[in-house]
Amino acid sequence: MAALLVSAALVLADAPQRVVSINLCTDQLALLLAAPGQLVSVTRLSHEDTDSVMGDQARALPANGSGAEEVYLLKPDLVLAGTFTSMATISMLRNLGIEVVQFAPARALSDVPDRLAQMGEALGREAEATAMIDSFNADLAALSAAPAQRPRAALTYVNNYSSGRHSLAGDVLFAAGFDNVAEEAGLGSVGVLPLEQLVLLAPDVIIQGRNYPGAARAEDNLDHPALSSLKGTYLAGELTDRDWVCGTPTVLNAVRTMVDLRRDVEARQ
Amino acid sequence: MKLTAFLICLCLVLFVISLVTGTTPVSVWHSFASLFATDGSPMSVVMQQIRLPRALLAVMIGASLGVSGAAMQGYLRNPLAEPGLIGVSAAAGLGAVLALQTGLAAAFALALPLSALLAALIAVAMILTLAGPRGAALTLILAGIAISALASAFTSLVLNLSPNPFAAAEIVFWMLGSLADRSFAHVWLALPFMAVGWLLLGSLGRGLDALTLGEDAAAAMGVRLSGLRLALVIGTAACVGAGTAVAGSIGFVGLVVPHVLRPFVGGQPSRLLWASALGGAAMVLAADIAVRVALPDRDLKLGVLMALVGAPLFLHLIYKTRGTLQ
């Protein structure tokens, strides 16, 4: 017993004590898994409810702007970053002797358990990560029962961007029982699906993503009258939002919304 | 007369090519059948709601820019005067951006072209005041550069301050112009203002012809210079403002087209006005076809092509007129 306690204390002593996260998605993974007091700062984006699913928890911690200078002054012993975080920032921090762990963005639902495990290991919270992975897998299995019929759907974002099968959003759509028309257009991951092509594909449902204040011409494609002129196409409005961005267990909310939408579309047909 | 017939035919041919050009290759016959179909099929939606307004806007904006360039050059008797170069387009872009970012355009659709028109009006008035009635080339170009730089800087500032993360990226659109994914809403928004502009600028023919003999001679012939100036200012602002509000600033059309057509009309400003309107329409149609053929799914900006054609000509004109630039 005593030996066990000693080894547990050793593990704890081994775990990082001051962790700073400089990426929106590592913020959320760390907020889910970190021990109380272990995480000392998250990014400014995490404080915004438009971008972050965990605004309340995030606002309890001070925000950082992801710059090397301010992160260094927080005296972290571990920095959590994305693989697309500025290389200059990461190499600067490493040169200053700080350990940086980088997390790749999730491109599929199956990446979520991997990221949870990686975060559990980085924070020395393997047991919590394993429990979370088990409940994620169980919830996902319950949600993604195979439907009798798969409606054809398209995801469209600003500037005519769309997500194909090999992206997190595309995988959410697939798991919820939709076929993705972007695949018919030859779009594998994320890319441009021109408005003309989208109209000619005439999907059963168009799911649009937009949740930013202020005007941008980039969003004009979402309001184009050609979309509402399509007979037999249901415009599902603004459904993609912060739940879709990061590979964390909250992405299941997106799957749940899409399953509801599929039932809705089936009822209309 | 022969020139007019040729330009009309050119516009018609380019209009048809524009209608059958798109990201998805479809036969010409099927395209046209869909243009008049009322079955609501996907192809008919593409033809009627995406390609038709795009081709119409190319004609309207091209004609507006062509006639504005010809009118300004006629009035200032200076081949370098052009709405894009002298900052009118940049100012109109700033007006449009302000209307969009303050939410005015969302509350009241006409606020977009009106605000662009107002900003263009201020820019034209400033240019004409600075350059004076004879339009000294050096003053004109320098004043244009200053107004252009100022308006572009404010446009960038406003878009960078926007809470929308995509707003800053559209600086490119306002500076280079594009007709991608425009709809009939934009056609109806711009058309009334452009029509007023065309009528005003089209009515300047006699005055501009008289002006080629000098101001005194024109005055002796009964041309009221103050009236002519007012019609020019409002007409140019209406044309350029409405076009820029819906498609961004498309440069060099008003420079290239009158320059190419001037020898064919014997240097007569009244004939050049209408020829430039047709020529401008043909040029923007051709450029809009070219951007779609070159990079079908990238939304290459029209201004890129225009500058590739227009900037060398601009350099050539500066070289030719350098003796008078002192």
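Residues numbered from 1 in each chain as written. Chains lettered and ligands numbered in written order. Predicted model: local features only at pLDDT ≥ 70, side-chain atom pairs only at ≥ 80, totals over all residues. Heavy atoms only, no water.

S.K.: What should I look at first to understand the overall build of chain B in this one?
M.R.: Helix and strand counts for chain B come out as 15 helices and zero strands. Relative to its length of 326 residues, chain B is compact, with a C-alpha radius of gyration of 19 Å against a globular reference of 20 Å. Each principal axis of the C-alpha distribution contributes one length, and for chain B these read about 65 × 50 × 35 Å. The buried share among the 326 residues of chain B stands at 56%. Within chain B, residue pairs in contact and separated by at least 24 positions form 77% of the contacts whose partners lie at least 6 positions apart. Here chain B has roughly 13,300 Å² of accessible surface; of this, 74% comes from carbon and sulfur atoms. Across chain B, the 16 positively charged side chains and the 10 negatively charged ones have centroids separated by 9 Å. (Helix = DSSP H or I, 4+ residues; strand = E, 2+ residues; numbered from the N terminus. Rg over C-alpha atoms; globule rule 2.2 N^0.38 Å. Buried < 20%, exposed > 50% of the residue type's maximum accessible area, 1.4 Å probe, protein only. Contact = heavy atoms within 4.5 Å. Areas by Shrake-Rupley, 256 points an atom, 1.4 Å probe, with all protein chains shown as cover. Lys, Arg positive; Asp, Glu negative; His and termini not counted. Charge placed at Lys NZ, Arg CZ, Asp CG, Glu CD.)

S.K.: Just checking my understanding: could you explain the interface of chain B and chain A for this structure?
M.R.: Interface size is often expressed as the accessible area that is lost when the parts come together. Listed as interface residues are 31 residues of chain B and, on the opposing side, 26 residues of chain A. For the pair chain B and chain A, the summed buried surface comes to about 2,400 Å²; carbon and sulfur atoms form 60% of the total. At the junction of chain B and chain A, the tally comes to two salt bridges. Here R182 of chain B and D220 of chain A are joined by a salt bridge, their closest N and O atoms 2.7 Å apart. Applying the counting criterion to the chain B and chain A interface returns nine residue pairs in polar contact (both at pLDDT 80 or more). At the level of elements, α3 (42–76) and α4 (88–101) of chain B are the ones that each hand at least two residues to the side of chain B that touches chain A. For the side of chain B that touches chain A, the leading source of residues is α3 of chain B, giving seven residues. Among the residues making up the side of chain B that touches chain A, the classes are represented as 12 nonpolar, 12 polar and seven charged. (Buried area = accessible area lost by both parts, 1.4 Å probe. Salt bridge = Lys/Arg side-chain N within 4 Å of Asp/Glu carboxyl O. Polar contact = N/O pair within 3.5 Å; in protein donor to acceptor, adjacent residues only side chain to side chain. Nonpolar A, V, L, I, M, F, W, Y, C, P; charged D, E, K, R; others polar.)

S.K.: What am I meant to see in the side chain of S270 of chain B here?
M.R.: Residue and element names in this part refer to chain B. Considering the arrangement of structural elements, one finds S270 in helix α14 (residues 269–294). Note on S270: relative accessible area 17%, which makes it buried. Separated by 2.6 Å, the side chains of S270 and D209 make a polar contact. Sequence-distant contacts of S270, defined by excluding residues within four places in its chain, comprise G205 and D209.

S.K.: Please explain the pairing of strand β5 (residues 100–103) of chain A as it appears in this structure.
M.R.: It is a general feature of regular strands that their side chains alternate between the two faces of the sheet. Residue and element names in this part refer to chain A. In the sheet, strand β4 (residues 78–82) pairs with β5 via four bridges, with the strands oriented parallel. Bridging from a neighbouring strand, V79 pairs with V100 of β5. Note that the unit made of β4, helix α5 (residues 87–95) and β5 has a crossover that is right-handed. (Pairing = 2+ DSSP bridges. Right-handed = clockwise from strand over helix to strand, strands pointing away.)

S.K.: What am I meant to see in the pattern of salt bridges here?
M.R.: Any two side chains of opposite charge can pair if their charged atoms end up close together. With the rule as written, the count across this model stands at 13 salt bridges over all chains. One salt bridge in this structure joins R152 of chain A and E184 of chain A, with 2.9 Å as the shortest N-O distance. One end of the pair, R152 of chain A, is in strand β6 (residues 152–156); the other, E184 of chain A, is in helix α9 (residues 181–184), with 32 residues separating them in the sequence. Owing to a relative accessible area of 23%, R152 of chain A belongs among the partly exposed residues under this scheme. The residue R77 of chain B makes a salt bridge to E215 of chain B at a minimum N-O spacing of 3.0 Å.

S.K.: Just checking my understanding: could you explain the side chain of T233 of chain A for this structure?
M.R.: Residue and element names in this part refer to chain A. Tracing the chain through its elements places T233 in the loop between α12 (225–229) and β11 (234–240). T233 sits in the buried class, given a relative accessible area of 13%. Within the structure, T233 has its side chain in polar contact with the backbone oxygen of P203 (distance 2.7 Å). Once residues lying within four places of it in the same chain are set aside, the contact partners of T233 are A202, P203, D204 and I206.

S.K.: Would you explain the state of the cysteines in this entry?
M.R.: Note on terminology: disulfide describes a covalent bond linking the sulfur atoms of two cysteines. Residues and elements named next belong to chain A. Evaluated as defined, the whole model comprises one disulfide over all chains. A sulfur-sulfur separation of 1.9 Å characterises the disulfide bridge that pairs C25 with C246. Where C25 bonds to C246 through sulfur, the torsion about that S-S bond is close to -80°, and the disulfide is left-handed. Within this pair, whereas C25 is found in helix α2 (residues 24–33), its partner C246 is found in the loop between β11 and α13 (251–268), the two being separated by 221 residues in sequence. You can call C25 partly exposed: its relative accessible area is 23%. (Disulfide = S-S within 2.5 Å.)

S.K.: Looking at this structure, I do not really get the sheet that holds β4 of chain A. What am I missing?
M.R.: The strands making up a sheet associate through hydrogen bonds between their backbones, and the pairing can be parallel or antiparallel. All names here are of chain A. Across the sheet, five strands lie side by side as β3-β2-β1-β4-β5; this open sheet has parallel pairing. Since the sheet does not close on itself, it has two edges, and those belong to β3 (63–64) and β5, each with one partner. The strands touched by α5 within the sheet are β4 and β5, with β5 carrying the most contacts at an inclination of about 155°. Seen against the sheet, helix α6 (residues 111–123) touches β1 (19–21), β4 and β5 and runs at an angle of roughly 170° to β5. (Axes fitted to C-alpha atoms, helices over the stretch in contact; angles between N-to-C directions.)

S.K.: How should the domain arrangement of chain A be read in this particular structure?
M.R.: Residues and elements named next belong to chain A. Under the domain assignment, chain A is made up of domain 1 (14–140) and domain 2 (152–268). For the pairing of domain 1 and domain 2, the buried interface totals around 1,600 Å² over both sides, and the portion due to carbon and sulfur atoms is 71%. Together, T50, V53 and L109 form the three largest contributors to the area buried by domain 1 at its contact with domain 2, with a combined 32%. Counting the contacts that link domain 1 with domain 2 gives zero salt bridges. Counting only elements with at least two residues in the side of domain 1 that touches domain 2, the list comes to α2, α6 and α7 (126–143). The biggest single contributor to the side of domain 1 that touches domain 2 is α2, with five residues. Along the lines of polarity and charge, the residues of the side of domain 1 that touches domain 2 split into 13 nonpolar, four polar and five charged. (Domains from an automatic or database assignment.)

S.K.: Sorry, what's going on with α7 of chain A here?
M.R.: Spacing of three or four residues puts side chains on the same side of an α-helix, whose turn is 3.6 residues. Residue and element names in this part refer to chain A. Between the first and last C-alpha of α7 there are 26 Å, a value that for 18 residues agrees with the 26 Å anticipated at 1.5 Å per step. Residues of α7 that are buried: A129, I133, F136, L140 and L143. Down the axis, α7 shows its buried residues gathered within 100° of arc, on one side only. Projecting away from the buried face of α7 at angles above 90 degrees are the exposed residues A127, A141 and A142. Of the surrounding secondary structure, the elements contacted by the buried residues of α7 are α2, α6 and α13. (Expected span 1.5 Å × (residues − 1). Arc of directions from axis to C-beta.)

S.K.: Could you clarify how one ought to interpret the nonpolar core in this entry?
M.R.: The nonpolar side chains of a soluble globular protein tend to be buried with one another. Counting residues in each nonpolar core, the largest one holds 111 residues, and the members touching the most others are I61, Y75, L179, L204, I250, V253 and M306 of chain B. If we skip the residues at most four places from it in the chain, M306 of chain B touches I250, G251, F252, V253, M283, V284, A287 and A311 of chain B. Formed by 49 residues, the second largest nonpolar core is a distinct cluster that contains F103, A129, L140 and W244 of chain A. (Core = buried A, V, L, I, M, F, W, Y, C linked by side-chain atoms within 4.5 Å.)

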